[in-house]
Every structure is written in structure tokens, then in C-alpha cells.
Amino acid sequence: MTADWPERLPPPAGAALRLLGSPLGALVARPWFDRAALWGLARWYFPLSRAWAAASAADGSVERFLAELPLPRLPAGSERGVVAALRRVASLRAAHEAADRRWQAAFFGDGPGPGFAGGFAEASAAAALVAAERRRRAASHAYMMARAAFVGLARRAALPAVRYAVPRQDEVERRHGAALARPETAYTPPDPLPEIEESRAVPGPLGPEYWLRFAGIGTAAGGPAWAHVYEPDGVRDPPSLVYGHGVGVELDSLDGVSDGIDAIVRQGVRLVRLEAPWHGRRRLPGRYGGEPFFATQPLGALDLFAAELREFATLIAWCRRRGSARVALGGISLGALAAQLAACHARQWPAALKPDALFLATTGADVVGLVAASSLAHALGLPPALAEGGWTAAELARWRPLIDPLGEPAPAPADIVMLLGRTDDVTPFADGRALAARWRVPAENLFLPRRGHFSAALGLLHDPAPLRRLALRLQRG
């Protein structure tokens, strides 16, 4: 489809990606990396993200910035740096929003697209789309990287990693109590499903790429739902993988970054990346990507799953309409928790919405228990925030039927592929291994490297064997 287009989007680049994809990548994807990553996330990335989100809502005002963080006052000597940082964030946000408006006009509106006669006109249209996407990526990446403007402040003040807004029990009951009474119908997809709008395609390094948007579902929608589609070049009616990312992961907002999942496109599989609620274009004002999931537990999990599971179903149906005889559902970390819950509830869904296969990376069955068991939850201060909000372990456990994968999944055991890190303490390994045993996942579909939560994910850049196994199951059935 795109073999003769003279210009394509560049592949993800950079020294770090080259290292991870090389034989030396196996030395990086080790448990030592997980300890460093957890420390870096809790000590720097999330606090800097909180400052960045506050600055994005402050529009240059120091007073509003302090209220949004929250922080009672600026440390002595930081005033000039904070004022400059607020101006930088406001400028980069405006540039990002302008680039995105132009991008949406080009890809969904009246910009270059189908209808060109071919030859020079078609090549020119493709080049214009490539240029629009590159500008969008660059502007978004610069805006995201503006977190670094608050490093000086973070050295002088203890910035919060999460701005908690833990709900009361009656608020959660009001929102999800009816679903708890009938959990088997809690995530029934809407009928009719939302109509999906497809963007124009741009030639990418692996084949055509384009975006889908449709009406978001539920209170966590945060505006339209978005998905980025990667088609394998020259493959007619390929099988598909509908994929959910981890919390705080916003690859479509970054330039030159990869998580290795696109390796499945090289195996002849269409990849459909759903942008989860509260991430990317669905971020809430004053919040960084994924923050509401932590900040409003347990409502964060209930609201996100209520939206994402139904959006998974919408995309599975779209894949079938686009010619996929078999469709897999999958994800990593938070995306895996959502995918496994969807796979269980899909047993009650119409046939066209059921996944045929399941790919789960760094997951576990006791999702409610992660509040107490996850090292990331402890690093971000989630257990004391919940306790201060009046939540006990027993009260959280009451919502287990809407959060944990309690039943059997729709796909057969032979079509479930799992990647679990043996030293994972974010989604503890023993819990994921117990889920694999309960679902009778065959040994050849289990990948159990001696890695942790983050290094197991990085390992896909070095060795995509789990994705090759999934592609084989999709193609052979």
C-alpha cells in the first residue's frame, strides 16, 4: 500500500533504543533496573509530572500553580526559576495545541488526503501528512519534556507525587453500586456501538499508520477515545491485536520512543493501540497522564475499567469489520489488568466483540490487593491516602467483583500468552503465576524471565518472543 511512497515517518531512534535492541540490552533489562526505575519514578518523574500538570493549569500564575500542586509557598531563591518555568510550559502548551489542531485538520478535516489522482499529487499528499505528524510529535514531545523545568524546584521542596482526592464510600456506591449488584452485566458494551471515524493514513516505517476516534464511554472518557493503528505492509485482512498501555505511558505524545510492542506488526499483525482514559489527548486539566487512576482510588479503577473495557469491545468489532478473522486483546501492567477483566466479561458479550486470544504482560489476579502488595503503590503513598480517606481492606475488597478477573476468560487456554517477571513486585509475580495456573495457560505460552516489572517490559525490545508466539496463535488458530 505504501511501498512506493517516497517519504515515511522515521522509525523510533536514539542511543537508548539502539542499546536496548542490541545484545547488550539483555544486561540492561535486569532486576537492578527495576530498583532504579521505581526510585526514579517516585522521587523524580511523578513529582515533576505533578508540577508540570499544575503549571499547565496555572497559565503563568504563581498563585494558581501553588494551589494546583499544592504547595504552601515557594522555597527561597526559587521564584525566578519557577516564573520562567511557568512561562515555558504555557508557551509549549500553546505550540502543542496549535500543532495538534493543524494535525487534526490534515488527518480528519479538509487537509491532504484521499481523492488525489496519484503520481505526484499522491506523493505530495503523503509528504504533507508526514510533515504534519512530525510537527505534532515534536511539539508534543517538547511540551511533555517541559517537566525538566521544575528540577530546581524539586531539589528545594518536597513535591507531591500525586494530588490525592480519595472519594468517600457513598460517592463510589452512588456511581457503581448498581453494577456491583449485577457484576455479570457490569461492562456490557453499548448497543449500538459508537461510530468510529478513521483518519487519513500516513506511511510509517512498518506500513500505513492512521488514527481512530470515537465517542468516549463512561465518566472517565475525558472526551473522544483515540487509537493509533499500525498496519503490516502488504498484508491483506491481517489478524489484529487491540492493546492497552500501562499507567502514565503516553507514547503517542512522545517522539522517537518505543516499547517494543510494534514488533508484532513485523509478524503480519495489525496493532491497534487504545489511548486509555486520562492519558494523552484524554488528559484532564491540571492532571498528568494517568494521575486520576491513583488519585481517586478505588473510583479510579472502577471508572477507568467501565470506560476502557467497552472501548476494547468497540475496537474488537471494528477490527472484524476491517477483515480480521481473529482478534487478540492485550496489554501491559494497567493495560493487562483491563484486558484480563474484559476477557472475563466478554463471555457474556456478542460473538463479534469477543477476543479470540489474550496477551498479558506483568499482571496478576488480585487487583484490589495491589493497594497493599504493589511496591509502586507504596512508593506513591497510596495506602496511607486511602486510610486517611476512610477506606479499609474489607471495604476495598467489597468491589472485587468489578475489579478482579474472577471468572474464566473468553479465549481458550491455548490462545492466552503471558509475560511475567520473576522478580516483579509492582504486580507481584506469584499472583500472576497463580492466574496463569488457574487459567491453565500452557507452558509454551508462558514467558517467565528473571526480570522485574519494568525490565520485563524493556525485554520485549531485546527479545519479542512472546509477541511472536501470540502472532503464531492468531495466524494458525
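Anything mentioned here points back to the structure above.
Residues numbered from 1 in each chain as written. Predicted model: local features only at pLDDT ≥ 70, side-chain atom pairs only at ≥ 80, totals over all residues. Heavy atoms only, no water.

1. Describing the overall build of the protein
The condition is simple: Each helix corresponds to a stretch of at least 4 residues labelled H or I by DSSP, and each strand to a stretch of at least 2 residues labelled E; elements are numbered beginning at the N terminus. Note on exposure labels: buried denotes an accessible area under 20% of the residue type's maximum, exposed denotes more than 50%, and partly exposed covers the range between, all computed with a 1.4 Å probe on protein chains only. Here a residue-residue contact requires only that any non-hydrogen atoms of the pair lie within 4.5 Å. Computed with the Shrake-Rupley method and a 1.4 Å probe, the accessible areas treat only the protein chains shown as cover for residues. Neither His nor the chain ends is counted toward charge; the positive residues are Lys and Arg and the negative residues Asp and Glu. We put the charge of a Lys on NZ, of an Arg on CZ, of an Asp on CG and of a Glu on CD.
Within the protein, the secondary structure is distributed over 19 helices and 10 strands. For the protein, the proportion of its 477 residues judged to be buried stands at 58%. Residue pairs in contact within the protein that sit at least 24 positions apart in sequence constitute 80% of those at least 6 positions apart. Entry remark: accessible area of the protein is about 19,100 Å², with carbon and sulfur atoms responsible for 56%. Treating the 55 positive side-chain charges of the protein as one cloud and the 46 negative ones as another, the clouds have centres 4 Å apart.

2. Some words on the side chain of S253
Mapped onto the secondary structure, S253 falls in the loop between β5 (240-244) and β6 (270-275). Looking at S253, the relative accessible area reads 5%, which means it is buried. Apart from residues lying up to four places away in sequence, S253 is in contact with S140, H141, M144, G280 and R283.

3. As for the pattern of salt bridges
Defined as follows: The term salt bridge refers to a side-chain nitrogen of Lys or Arg lying within 4 Å of a carboxyl oxygen of Asp or Glu.
Applying the stated criterion across every chain yields a total of 31 salt bridges. For E97, the salt bridge goes to R93, with nearest N and O atoms at 2.9 Å. Of this pair, E97 and R93 both sit in helix α5 (residues 79-108), separated by 4 residues, roughly a single helical turn. In this structure E97 comes out as partly exposed when scored by relative accessible area, which is 32%. A salt bridge links R473 to D415, with the nearest nitrogen and oxygen atoms 3.0 Å apart. On the criterion of sequence distance, the pair formed by R473 in helix α19 (residues 465-476) and D415 in the loop between α16 (400-403) and β9 (416-419) is long-range, its members being 58 residues apart. For the residue pair R473 and D415, the accessibility class agrees, reading buried in each case. Salt bridges sharing common partners tie together D100, E133, R136, R137, E209, D252 and R281.

4. What to know about helix α8 (residues 169-181)
Under the convention used in this document: Take the residue count of a helix, subtract one, and multiply by 1.5 Å to get its expected span. Bend at a residue means the angle formed by two fitted axes: the first through the 7 residues ending at that position, the second through the 7 residues beginning there.
Compared with an ideal rise of 1.5 Å per residue, which puts 13 residues at 18 Å, α8 spans 16 Å between its outermost C-alpha atoms and falls more than 12% short. Most pronounced at R175, the bend in α8 amounts to some 55 degrees. Those residues of α8 that fall on the buried side of the exposure criterion are V172, H176, G177 and L180. In this fold, the buried residues of α8 make contact with α10 (299-321) and α16.

5. Here we look at the nonpolar core
The cut-off we apply is this: Among buried residues, those of type Ala, Val, Leu, Ile, Met, Phe, Trp, Tyr and Cys that are joined through side-chain atoms within 4.5 Å constitute a nonpolar core.
If you look at the biggest cluster of nonpolar residues, it comprises 110 residues, and the most contacted ones within it are F65, F150 and F305. If near-sequence neighbours (up to four positions away) are discounted, F305 is found in contact with Y187, L334, L337, A338, L341, L402 and I403. Of all hydrophobic cores here, the second largest spans 23 residues; its members include Y243, A263, V269 and A471.

6. Examining the packing of helix α3 (residues 31-58) against α5
Note the cut-off: Axis lines are fitted through C-alpha atoms, for helices just across the contact stretch, and the angle between N-to-C directions can take any value from 0 to 180 degrees. Angles below 35 degrees are treated as roughly parallel, those above 145 as roughly antiparallel, those between 65 and 115 as roughly perpendicular, and all remaining angles as oblique. Amino acid classes used here: Ala, Val, Leu, Ile, Met, Phe, Trp, Tyr, Cys and Pro are nonpolar; Asp, Glu, Lys and Arg are charged; the rest, including Gly, are polar.
Two elements in contact, α3 and α5, have axes separated by 9 Å at closest approach and are oriented at 70 degrees. Relative to α5, α3 is oriented roughly perpendicular. Side by side, α3 and α5 meet where W52, A55, S56 and A57 of the first sit next to L86, V89 and R93 of the second. For the contact of α3 with α5, a count of residues per class yields 5 nonpolar, 1 polar and 1 charged.

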